[in-house]
Each structure stands twice: as C-alpha cells, then as structure tokens.
Amino acid sequence: FEKLPATDSSKDEVGQMGSTFNSMMELLEENYTKQEEFVSNASHELKTPLTVIGSYAKLLERQGMEDPKLAEEGLLAIRTETDRMKALIEQLLHIARRSETQLVWEPVDLIELARQTAAAMSTSYNRDFQLVSSATSVLVTTDLAKIKQIMYILLDNARKYSSDRIELIVKNGNIPMLQIRDYGIGIPKESIPYVFDRFYRVDKARSRETGGFGLGLSLAKQLADAMGVSLEIESEEDVGTTISIVFSADFNVQEVQSKQEGWS
Ligand code: ADP
C-alpha cells in the first residue's frame, strides 16, 4: 500500500490521522500475508498426500494386479495418506470454527479429570501415563470439553516425542495448574517461541514420521485463549518438555464471556 506522506509535525490532526492510517494498513497487510501463508501451507500439506495417492494409483493401474506385494504396499500407502489428509482437514475445520466456539462453564475437578485421562491414555497407547499430585481435589470453573481437547493435544505430543512415562501433574494453590510432562527429545531453545505458530514444526522430517502437521499447539493455544487460561512451556533438548495449563487466580467467567461475545 502507498503510505500517506508524513507531515512536518505529527502533532496536528491530519498528521495523526495519517500515521493511524499507515499503522492500520501495516496491520492489515501483515494479517493478509499471514492468511496467504496459511492457505499456501495448508494447500501444500494437502497436496503431498494427494501426490502419493495419485502415484500409487497409477502404479497399481499399470502393474499392481499382477504383483501382490506391490498391491499391498500401494493400498497401505493410499490408506495411510488418506487418514493423514482426513486428520489435517479435521484440524483445519477446528481452526476455522474458532468464531463459533461456544463456551460451556462448569465446575471441574482437575484431579478426577487427570486420573480418568491418564487411565484412558495408558490403555489406548499401552504407555505409562501417571497422575502426580498431593491434592485430593482441585476445583476450577472451566469448559470441560475444551480442556479435554487441549489435554489430548498435549498428551499426544508428549507421547509422540518421548518414550518414557508421561506425567499429568495437578497443582493446587493460588493458581491451579495442570501440567503435562514428558522425558523425551525436548525442543531446542531457539524453536520454543515458534511452537504455537500454525504449521511450525521443529524438524519437518521427524514430524512427518510422527504424523504431525504443526497445527496441534496452535489449536491448543486458540482454545486456551478463548477460555482465559494460559499455556506455558518449558523444554530442554534431550531432557524433556513440560507444558502447563494455567488457570488464572482472579478468574472471571463474565469477563471471558463478554470477550467471546465481542468476537462473534
Ligand atoms: P505436530 O503435529 O507437528 O506435533 P504441534 O503444533 O503440536 O504439531 O507441535 C509443533 C512442534 O513442536 C512439533 O512438530 C514438535 O517439533 C514440537 N513439539 C511439540 N510438543 C513437543 C514435545 N512434547 N516434545 C518435543 N517436541 C515437541
């Protein structure tokens, strides 16, 4: 965009309007670039599995029927890539539904929630998910379904990027907190500020192996922002990662509700 010329003195009203206009346009341009980047990343991520599916379909058409090994390999690849696309589209839909996010407040016992989740995850993945807490009950007012969604994203990452036990730590006190801790590969210091960005992955090759798109944490952050809780990350390479869901001490349901109404 063409910037309005700066006037001699930005103190006069026209000068001030000009600089407000310039900063508004800069903001719009930045958002537009981010949107473009998002669409281009999403398209790229969808195109990759489609290319694999297309190539195998062609190969099977040509020689697959006579070669059972190739047929098996091709069908498996097609199924895997289709699942990958489905997962990506689901995550994209979650992101797109942001403005429709309706919050449902209810009292939730974090101990009970962490205990049930740890048990369910241990069974599903045959891994050791442990509840760690000295409290018997920690009550917060929150949106249960969304907290579960955030927990699932964090636990899934902990599972993908570690092989040891995973802890669900519940802390009481002024500021109730639910932490997910793993003893896995950790995140390099310079990458930590970017992990909540859409499509950001520390190591693209590694993440593709683990099936990630770099959307999980950005979705978790979006949900956390909507509920007025914060996500804090601590991580060290080859030591592990702890992500805390922090419920604010002066938590005010009405305040978050009115903020949310402002969106829609
Ligand atoms: P992905 O689907 O790739 O896991 P996320 O948005 O959930 O995407 O995470 C972004 C990146 O942050 C991941 O690709 C990974 O590199 C890094 N990351 C997230 N959680 C962990 C963790 N618990 N341990 C190590 N690295 C992690």
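Reading the values: rules and limits
Sequence order as written defines residue numbering, which begins from 1 separately in each chain. Only residues with pLDDT of at least 70 get local features here, since the model is predicted, and only at 80 or more are side-chain atom pairs given and counted; chain-wide, interface and lining totals rely on the full set of residues. Based on all heavy atoms of the structure, the side-chain values leave hydrogens and waters out of the count. Helix numbers and strand numbers start at the N terminus; a helix is a DSSP run of H or I with at least 4 residues, a strand a run of E with at least 2. The cut-offs for exposure are 20% and 50% of the maximum accessible area for each residue type, with area from a 1.4 Å probe on protein chains only; residues under the lower value are buried, those over the upper are exposed, and the others partly exposed. Working definition of accessibility: Shrake-Rupley area with a 1.4 Å probe, residue cover restricted to the visible protein chains. Two strands are said to pair when DSSP picks up at least two bridges between them. As a rule, the C-alpha atoms of each element are fitted with a line to give its axis, helices using only the stretch in contact, and angles between N-to-C directions run from 0 to 180 degrees. Centre distance within 6.5 Å is the pairing criterion for rings of Phe, Tyr and Trp, where only the six-membered ring of Trp is used; planes under 30 degrees apart are then read as stacked, over 60 as edge-to-face, and the remainder as tilted. We define a salt bridge as a contact between a side-chain nitrogen of Lys or Arg and a carboxyl oxygen of Asp or Glu at a distance within 4 Å.

Notes on the overall build of the protein
Item 1. Helices and strands together make up the secondary structure of the protein, namely 7 helices and 7 strands.
Item 2. Reading the helices (α) and strands (β) of the protein from amino to carboxyl end gives α-α-β-α-β-β-α-β-β-α-α-β-β-α.
Item 3. Of all 264 residues assigned to the protein, the portion counted as buried reaches 38%.
Item 4. Accessible surface, the protein: about 16,100 Å² in total, of which carbon and sulfur atoms supply 53%.

A word on the sheet that holds strand β7 (residues 240-247)
Item 1. One open sheet holds the 5 strands; their spatial order is β2-β4-β5-β7-β6, and the pairing between them is mixed. Of all the strands in the sheet, just β2 (129-132) and β6 (229-236) have a single pairing partner and so form its edges. Along the sheet, successive strands turn relative to each other by an average axial angle of 15 degrees, direction set aside.

Some words on the packing of aromatic side chains
Item 1. Considering all chains together, one arrives at 2 aromatic pairs under this definition.
Item 2. Here F38 and F199 contribute two aromatic rings whose centre-to-centre distance is 5.6 Å and whose plane-to-plane angle is 45 degrees, an arrangement assigned as tilted. Of the two residues, F38 sits in helix α1 (residues 13-63) while F199 sits in the loop between β5 (177-182) and α5 (204-209), which places them 161 residues apart along the sequence.
Item 3. Ring centres of Y194 and Y200 lie 5.7 Å apart, and the angle between their planes is 40 degrees; this geometry places the pair in the tilted category.
Item 4. Taking the relative accessible area as the measure of exposure, Y194 reaches 41% and is therefore partly exposed.

A few points about the pattern of salt bridges
Item 1. Summed over the entire model, instances satisfying the criterion amount to 7 salt bridges.
Item 2. When the shortest N-O distance is used, the salt bridge between E167 and R165 registers 2.8 Å.
Item 3. Residue classification places E167 among the buried residues on the basis of a relative accessible area of 8%.
Item 4. Given a relative accessible area of 27%, R165 falls into the partly exposed group.
Item 5. The salt bridge partner of D225 is K221, with a shortest N-O separation of 3.1 Å. Of this pair, D225 and K221 both sit in helix α6 (residues 216-227), 4 residues apart, which is roughly one turn of the helix.
Item 6. What makes D225 partly exposed here is its relative accessible area of 38%.
Item 7. Look at K221 and you get partly exposed, because its relative accessible area is 31%.

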